[in-house]
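# Notes for the structure review
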Amino acid sequence: MKELIVLLVFCVLVTTEVQKYDGFKVYRLSLNTTEQLDFLHTLRDSMEGLDFWTGLSILSRPVDIMVDPKYEAEFLKTVKDQGIITEVFIENVQMLIDKEKVTSNSRSGMSWNSYHSLEDIYSWLDELAKTNPSITLINVGSTYEGRQIKGVKVSFNPGKRSVFIEGGIHAREWITPATVTYLINELLTSKDKSFRSIADGFDWYLFPVTNPDGYAFTHNSSRLWRKTRTPYSNCFGADPNRNWNAHWGVAGTSDKPCSEVYGGPAGFSELETSSLSKFISTVGPSLDAYLAFHSYGQMLLMPYGHTSQHLDNYDEVLRIGKAAINGLAKRYNTKYIVGNIAEIIYKASGSSMDWVKMTYKTPIAFTYELRDRGSSGFVLPANQIIPNCLEVVDSIVAMFQEGEKLAYFTLS
Ligand code: 0X9
Ligand code: ZN
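Along each chain, residues carry numbers from 1 onward, in the same order as the chain's sequence is written. Working convention: letters from A go to chains and numbers from 1 go to ligands, in the order in which they are written. Selection of residues for local features in this predicted model requires a pLDDT of at least 70, selection of side-chain atom pairs for listing and counting requires 80 or more, and totals for whole chains, interfaces and linings are taken over all residues. To get the side-chain values, take all heavy atoms of the structure and skip hydrogens and water.

## Regarding the overall build of the protein chain
Helices and strands together make up the secondary structure of the protein chain, namely 13 helices and 14 strands. The C-alpha atoms of the protein chain give 21 Å as radius of gyration, which agrees with the globular expectation for 412 residues (22 Å, within 12%). With the C-alpha coordinates of the protein chain rotated into their principal frame, the extents come out at 60 × 60 × 40 Å. Per-residue burial for the protein chain yields a buried fraction of 61% across its 412 residues. Two residues qualify as a contact provided that any one of their heavy atoms is within 4.5 Å of a heavy atom in the partner residue. Contacts in the protein chain between residues far apart in sequence, at least 24 positions, make up 76% of those at least 6 positions apart. Carbon together with sulfur atoms contributes 54% to the accessible area of the protein chain, which is approximately 17100 Å² in total. Charge assignment in this entry is limited to Lys and Arg as positive and Asp and Glu as negative, and neither His nor the chain termini are counted. Where a charge lies is defined by one atom per residue type: Lys uses NZ, Arg uses CZ, Asp uses CG and Glu uses CD. Within the protein chain, one finds 40 positive and 46 negative side-chain charges whose respective centroids are separated by 4 Å. Numbered from the N terminus, helices here are DSSP runs of H or I no shorter than four residues, and strands are runs of E no shorter than two. For a compact globule the rule gives 2.2 Å times the number of residues to the power 0.38, and the radius of gyration it is set against comes from C-alpha atoms. With a 1.4 Å probe rolled over the protein chains alone, any residue whose accessible area is under 20% of its type maximum counts as buried; one over 50% counts as exposed, and the rest are partly exposed. Under the convention used here, a 1.4 Å probe and the Shrake-Rupley method define accessible areas, while residue burial counts only the protein chains that appear.

Written as structure tokens, this is what we have:
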């Protein structure tokens, strides 16, 4: 009995231990040949101690890899043998994490000068719904670990066409829930005329944290977790942005459960994606726009991820995207690029945006890869939350104004 108690205490301690990233570096790799790219594909599935912060891109894009110091010498030898050029981009990931601000704000509402836990975000949404007649709380279902998947509907003039916004599908991309909560607040409080006409012109569905188990895990255990937390053979989680039934399993994904881009055993195997998709089905035909927030890289991505073939309305969507990134750059000169996913980053199928676009022909669909370009990557300092959100709002205004010019909708 005593042994059992000791074992239980040990298990609790082990499972609640917070992973430290002391001495973990992020290397940026520049590639010249397709052989080097193929080599990295093999390395990703075979070598321990590596965490690919960027997907395996088209040749011209660099690849960022976080390396566990235990494997650093082996990693460096292996990539140098292939003639791959490396540079240290982040010296010590734990130092960035230590500087990243997380605060508990449950009593005083939400703020955007630090990051917040799932509980705080959910208490804020609950409170908003209680006190604001324009807000309806939505719970689309439970996660694998039994958390709710919560969002809100914001509607000032019910019965309008809709816009759907998701954040936090990748757990470690903390800037994305912060951006979506900022947008909720902006919809409720902004007095800016241009923003107001967009806010009042649609019904809005906003889900700040679409992978709640993963997000909780990044706060409680491993800051750099990406996937869901469903157990699969000897590893946890599927990539929820490879799990939608949109050319599922075709490109930029893996059938190996330990991979960061594991698509799951089947399309919609994850409760998180299947529940959210069921909810989206109830509003899909009313959507004029679907925006998915990710980080990092400063890109605005257009569907689709499985093919470099262009959309039917490619030219118009590109024009809207260009207007959006120009609008975004005005405030701080932050440079984004815009284009088709497969052409500007890599092929990746089974994403939420692609599923929505494919299923409902949503006229405007974009995936943002927010700040930065790799100096802090996923661990973006909290003092960048507000500047990031301000420029994102600017981009949304420009996006919708251009959409209106192209007669995609009429704003009052
Ligand atoms: O790989 C992804 O899922 C996204 N990049 S991230 O670094 N945030 O993981 C890009 C998603 C591209 N979207 C589609 N394939 N539709
Ligand atoms: Zn992402």
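There's plenty left to go through after this.
## Regarding the site of ligand 1
It suffices for a single heavy atom of a residue to lie within 4 Å of a molecule or strand for the residue to be listed as near it. Neighbouring ligand 1 are 17 residues; Arg-226, Arg-242, Tyr-346, Ser-351 and Glu-369 lie closest to it. Nitrogen and oxygen atoms within 3.5 Å of one another constitute a polar contact, given that in protein one can donate a hydrogen and the other can accept it, and given that sequence-neighbouring residues count only through two side-chain atoms. Contact between ligand 1 and Glu-173: a nitrogen atom at 2.9 Å from a side-chain N or O atom of the residue. Here an oxygen atom of ligand 1 and a side-chain polar atom of Asn-241 are 3.0 Å apart. Considering ligand 1 on its own, with 420 Å² of exposed area, one finds that the protein chains cover 97% of that surface. Residue assignment for the shell around ligand 1 shows that the elements contributing at least two residues are strand 11 (287-295) and helix 12 (352-360). Residue classes follow a fixed rule: Ala, Val, Leu, Ile, Met, Phe, Trp, Tyr, Cys and Pro count as nonpolar, while Asp, Glu, Lys and Arg count as charged, and any other residue, Gly among them, counts as polar. By residue class, the composition of the shell around ligand 1 is 6 nonpolar, 6 polar and 5 charged.

## Some words on the coordination of the zinc ion (ligand 2)
Ideal values for angles at a metal depend on the geometry: 109.5 degrees with four tetrahedral donors, 90 or 180 degrees with six octahedral donors. Sites may look incomplete, because water is not among the atoms used; the donor set itself consists of N, O and S atoms within 2.8 Å of the metal (3.2 Å for Na, K and Ca). Surrounding the zinc ion (ligand 2) are the protein donor atoms His-170 (ND1), Glu-173 (OE), Glu-173 (OE) and His-294 (ND1), at 2.0 to 2.3 Å. Site description for the zinc ion (ligand 2): donor spacing in sequence, H-x2-E-x120-H. An identical accessibility class is assigned to His-170 and Glu-173; each is buried.

## What about the sheet that holds strand 5 (residues 135-142)?
Pairing between two strands is assigned when DSSP locates at least 2 bridges connecting them. Read across the open sheet, the 8 strands follow the order 5-6-8-7-11-14-12-13; overall the sheet is mixed. The sheet is open, and its two edges are formed by strand 5 and strand 13 (337-340), each paired on a single side. Going from strand to strand, the sheet's axes swing by 20° on average, the running direction of each strand aside. Running over the sheet, helix 13 (residues 385-405) touches strand 7 (162-166), strand 8 (203-207), strand 11, strand 12 (299-302) and strand 14 (364-370) and is turned about 160° from strand 14. Angular values range over 0 to 180 degrees, each being the angle between N-to-C directions of two axes fitted as lines to C-alpha atoms, with helices fitted over their stretch in contact.

## Some thoughts on unusual backbone geometry
Here the bond from Pro-303 into Tyr-304 is cis, since omega is 0°, no more than 30 degrees from zero. For Tyr-304, the location among the structural elements is in the loop between strand 12 and helix 10 (314-332). Here the bond from Arg-371 into Asp-372 is cis, since omega is 0°, no more than 30 degrees from zero. Tracing the sequence through the fold places Asp-372 in the loop between strand 14 and helix 13. Here the phi dihedral of Gln-298 falls at roughly 60°; this positive angle occurs in a residue that is not glycine. By secondary structure assignment, the location of Gln-298 is in the loop between strand 11 and strand 12. Here Asn-333, not a glycine, exhibits a phi torsion of approximately 65°, which is positive. Its location among the elements puts Asn-333 in the loop between helix 10 and strand 13.

## A few points about the pattern of salt bridges
Salt bridges are identified by distance alone: a Lys or Arg side-chain nitrogen within 4 Å of an Asp or Glu carboxyl oxygen. Going through the model one piece at a time under the given rule, you end up with 20 salt bridges. One salt bridge connects Glu-145 with Arg-147, and the closest N-O pair in it is separated by 2.7 Å. Judged by relative accessible area, Glu-145 falls into the partly exposed class, the value being 41%. A salt bridge links Arg-242 to Asp-239, with the shortest nitrogen-to-oxygen separation between them at 3.8 Å. By relative accessible area, which is 5% here, Arg-242 ends up buried. Here the salt bridges share partners, and the residues they tie into one network are Glu-145, Arg-147 and Asp-213.

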